[in-house]
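Fold and contact review
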Amino acid sequence: MNRRGVVITAVAVAALVIGFTARAMAGDGAPTSQKPARTITVTSTATVKAAPDEAVVDLGVSTESPDSAQAFAQNATDMQAVLDALKAAGVAEKDLRTLNVSLDQKVVDRGKPGEHTVFVASNRIEATVHDLSAVGSVIDAAVRAGADSVDGVRFQLADPNVVRTDALASAVRGAREKADALAEAAGTQVVRVVTIQEDNYRLPMARAALPFAGAVSEQVTTPIVPPDSLEASVTVSVVWEIS
């Protein structure tokens, strides 16, 4: 075969290869255009109630002195007395947590001839009480031991995930009910979930203010009335495919 014959043969083979490739690309392996799925999006919020099973008390001790080191050392001694009293009242060490320790300066009799500066050392702690009937006596024990601030009580659940799971399930059921109602009104049906997400969750918690009112009587226990229930609220957004 001469050179021209070789060139013609090569061109013919190339044409066959190109033709086969084009057919293969047009076959099953080629991407096909599909209509986008029809969807509806709904938002649902559910609230679940549960009785609180623990309380968190915010307590503090402040100490003043003209000398910074003395103020700090005395504050440590005073706070240790409060911690010991809390443990004696039944609060476990694992349920005690330091919130803040600080040392500041304060001007006394500002603008007067006797104006001077003192140092104020402060220590704030958090005590978790699992027996709600003992919250008042725990606060009293801390105050008698030297706590000079009680910054309220927070009621909460030891395991908030229990009600969170219930709230999520309830919110999703509500989303399905909404989706079914919308689909029926539009003359179609819900097929499946496309996406689902949690938009917002509010922890079950309630606060009770306790302004400090001076010395605590040995005979009277500070009355503490926990709420009957706490509310956990969750919101979900769900995209549903419709037929």
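The coordinates are above.
1. Comments concerning the pairing of strand S1 (residues 39–50)
- Going residue by residue along S1, you find Ile-40, Val-42, Ser-44, Ala-46, Val-48 and Ala-50 tucked away on one face and Thr-39, Thr-41, Thr-43, Thr-45, Thr-47 and Lys-49 left uncovered on the opposite face.
- Relative to strand S8 (residues 230–242), S1 runs antiparallel, the two sharing 12 bridges. The partner of Ser-44 across the bridge, within S8, is Val-236.

2. Some remarks on the pattern of salt bridges
- Under the criterion given, the structure shown has 11 salt bridges.
- Between Glu-231 and Lys-49 there is a salt bridge; the shortest N-O distance is 3.8 Å. Of this pair, Glu-231 sits in strand S8 while Lys-49 sits in strand S1, and the two are 182 residues apart along the sequence.
- Residue Lys-49 is classed as exposed on the basis of its relative accessible area of 56%.
- When the shortest N-O distance is used, the salt bridge between Arg-164 and Glu-198 registers 3.0 Å. Pair noted here: Arg-164 is in helix H4 (residues 161–185) and Glu-198 is in strand S6 (residues 190–202), with a separation of 34 residues, a long-range link.
- We classify Glu-198 as partly exposed; its relative accessible area is 34%.
- One network of salt bridges, in which partners are shared, links Lys-49, Arg-202 and Glu-231.

3. Let's talk about the packing of aromatic side chains
- Throughout the structure, instances matching the rule amount to zero aromatic pairs.
- The ring of Tyr-201 has Arg-164 sitting right over it, with the charged end atom 4.4 Å from the ring centre.

4. Points about the nonpolar core
- In this structure, Val-57, Val-82, Leu-86, Val-135 and Ile-139 are the most contacted members of the largest nonpolar core, which totals 24 residues.
- Residue assignment for this core shows that the elements contributing at least two residues are strand S2 (54–65), helix H2 (68–88), strand S4 (116–129), helix H3 (135–145) and strand S5 (149–156).
- Looking at this core, the element that brings in the most residues is H3, giving five residues.
- What Val-82 contacts, discounting residues up to four positions off in sequence, is Val-61, Ile-125, Ala-142, Ala-145, Gly-146 and Ala-147.

5. Considerations on the sheet that holds S2
- Taken together, five strands build an open sheet; the order of strands is S3-S4-S2-S5-S7 and the sheet is antiparallel. The sheet terminates laterally at strand S3 (96–108) and strand S7 (205–208), the two strands that pair on one side only. Averaged over neighbouring strand pairs, the angle between their axes works out to 20° when direction is ignored.
- Bridge analysis of S3 against S4 gives 12 bridges, and the strand direction is antiparallel. Paired with Val-101 across the two strands is Asn-123, which belongs to S4.
- Each of S2, S3 and S4 is contacted by H2, which is oriented at about 150° to S2, the strand it contacts most.

About the thresholds
Residues numbered from 1 in each chain as written. Predicted model: local features only at pLDDT ≥ 70, side-chain atom pairs only at ≥ 80, totals over all residues. Heavy atoms only, no water. Buried < 20%, exposed > 50% of the residue type's maximum accessible area, 1.4 Å probe, protein only. Helix = DSSP H or I, 4+ residues; strand = E, 2+ residues; numbered from the N terminus. Pairing = 2+ DSSP bridges. Salt bridge = Lys/Arg side-chain N within 4 Å of Asp/Glu carboxyl O. Phe/Tyr/Trp six-rings, centres within 6.5 Å; stacked < 30°, edge-to-face > 60°. Lys NZ or Arg CZ within 6 Å of the ring centre and 35° of its normal. Core = buried A, V, L, I, M, F, W, Y, C linked by side-chain atoms within 4.5 Å. Contact = heavy atoms within 4.5 Å. Axes fitted to C-alpha atoms, helices over the stretch in contact; angles between N-to-C directions.

So far we have only geometry, and geometry alone does not tell us how the molecule works.
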